[in-house]
Amino acid sequence: MAPATASAITLQINGEHHTLTVDNRTTLLDALRERLDLTGSKKGCDQGQCGACTVLVDGRRTVACLQLAVAAEGRAVTTIEGVADGEQLHPVQQAFLDLDGYQCGYCTPGQICSALGVLEEHAAGWPSAATGDVRPEAGPPPLTPEEIRERMSGNLCRCGAYVSIVQAVSQAASTPARPAVGTGPKESAA
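Each value, and the rule that gives it
Residues numbered from 1 in each chain as written. Predicted model: local features only at pLDDT ≥ 70, side-chain atom pairs only at ≥ 80, totals over all residues. Heavy atoms only, no water. Helix = DSSP H or I, 4+ residues; strand = E, 2+ residues; numbered from the N terminus. Buried < 20%, exposed > 50% of the residue type's maximum accessible area, 1.4 Å probe, protein only. pLDDT = per-residue confidence, 0-100. Contact = heavy atoms within 4.5 Å. Axes fitted to C-alpha atoms, helices over the stretch in contact; angles between N-to-C directions. Parallel < 35°, antiparallel > 145°, perpendicular 65-115°, else oblique. Left-handed = near helix turned anticlockwise from the far one by under 90°. Pairing = 2+ DSSP bridges. Disulfide = S-S within 2.5 Å. Core = buried A, V, L, I, M, F, W, Y, C linked by side-chain atoms within 4.5 Å.

With that settled, the discussion passes to unusual backbone geometry. One non-glycine residue, Asp46, lies in positive phi territory at about 60 degrees. As for its position among the elements, Asp46 is in the loop between helix H1 (28-35) and strand E3 (54-57). The exposure class assigned to Asp46 is partly exposed, which follows from its relative accessible area of 38%. One non-glycine residue, Asp58, adopts positive backbone phi at about 55 degrees. Topologically, Asp58 is positioned in the loop between E3 and strand E4 (60-63). A residue is classified by how much of its surface remains accessible, and Asp58, at 37% relative accessible area, is partly exposed.

Here it is as structure tokens:
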């Protein structure tokens with residue numbers, strides 16, 4: 001008897017549950033784009049190097065082109081489509097808009113999802129390669145442009161909007177906190 005090559009899974013995407021049958025080799029990115037019509041996450045390099053497909057899985061940054069859809073079952077996935085609160089943009093989205101943290105816009109959804117992860121990691125006190133004092137008692141380092149650049153380094157922008165992206169992340173970091181995205185279902189989840 002041949003091994004099963006497909007699985008029926010239920011994905012929790014942006015607070016809503018979606019049940020679908022996928023080939024076990026289907027990436028989360030392909031399930032989002034091709035099966036659920038959530039095309040905000042972009043397929044850039046398809047090798048995990050550009051960050052255009054970055055989404056949040058249980059609130060942590062994940063390149064969806066390398067994550068298997070079957071491995072995302074039971075986890076809260078947030079795409080760019082689930083970041084805003086209705087018509088109210090998330091402070092990170094607003095900062096990108098206010099400071100022109102985009103040009104062509106192709107990388108912007110991944111940049112924004114990555115920035116959300118960066119801000120959560122920083123608030124939790126996680127150090128980066130640019131952090132001078134990594135002792136836990138030192139607390140979160142100042143979110144300097146160098147810190148932001150290092151933390152966002154997995155997301156490429158072919159247009160070169162990096163200066164504005166760093167400014168947008170910095171502005172969003174100084175905006176009053178909003179509840180974290182990507183950590184559970186919304187009230188309207190079915």
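Here we take up the confidence of the model for the protein. Looking at the protein, pLDDT values average 92 and 91% of them are 70 or higher. Of the regions scoring below 50 in pLDDT, residues 184-190 engages in 11 contacts with residues more than four places distant in sequence or in other chains.

With their axes 10 Å apart at the nearest point, helix H2 (residues 91-98) and helix H3 (residues 108-123) run at an angle of 130 degrees to one another. With respect to each other, H2 and H3 are oriented oblique. Along this stretch, H2 crosses H3, giving a crossing that reads as right-handed. Contact with H2, carried on its side by Val92, Gln93 and Phe96, involves Thr108, Gln111, Ile112, Ala115, Leu116 and Leu119 of H3 and no other residues of that element.

Spatial strand order, E2-E1-E5-E3-E4: five strands in an open sheet with mixed pairing. Edge strands, defined here as strands with exactly one partner in the open sheet, are strand E2 (16-23) and E4. Direction aside, neighbouring strands of the sheet carry axes that sit 40 degrees apart on average. H3 rests against E3, E4 and strand E5 (76-78) of the sheet, and its axis sits at about 40 degrees to E3.

Before going further, it helps to examine the state of the cysteines. Counted by the stated rule, this structure contains zero disulfides. Between Cys45, a cysteine without a disulfide, and Cys50, which holds the nearest cysteine sulfur, the sulfur-to-sulfur distance is 3.8 Å. Residue Cys65 stays outside any disulfide, its sulfur separated by 3.7 Å from that of Cys53, the closest cysteine. A relative accessible area of 6% means that Cys65 is categorised as buried.

Below, the discussion takes up the nonpolar core. Ranked by internal contacts, the top residues of the largest apolar core, which has 23 residues, are Val92, Phe96, Met152, Ile165 and Val169. Those elements that provide at least two residues to this core are H2, H3 and helix H5 (162-173). The element contributing the most residues to this core is H3, with six residues. Setting aside residues no more than four positions away along its own chain, Val169 makes contact with Phe96, Ala115, Leu119, Ile148 and Met152.

In this structure, Leu119 sits in helix H3. Under the relative-accessibility criterion, Leu119 is labelled buried at 17%. Through-space distance from the C-alpha of Leu119 to that of Ser170 is 9.3 Å; in sequence the pair is 51 residues apart.

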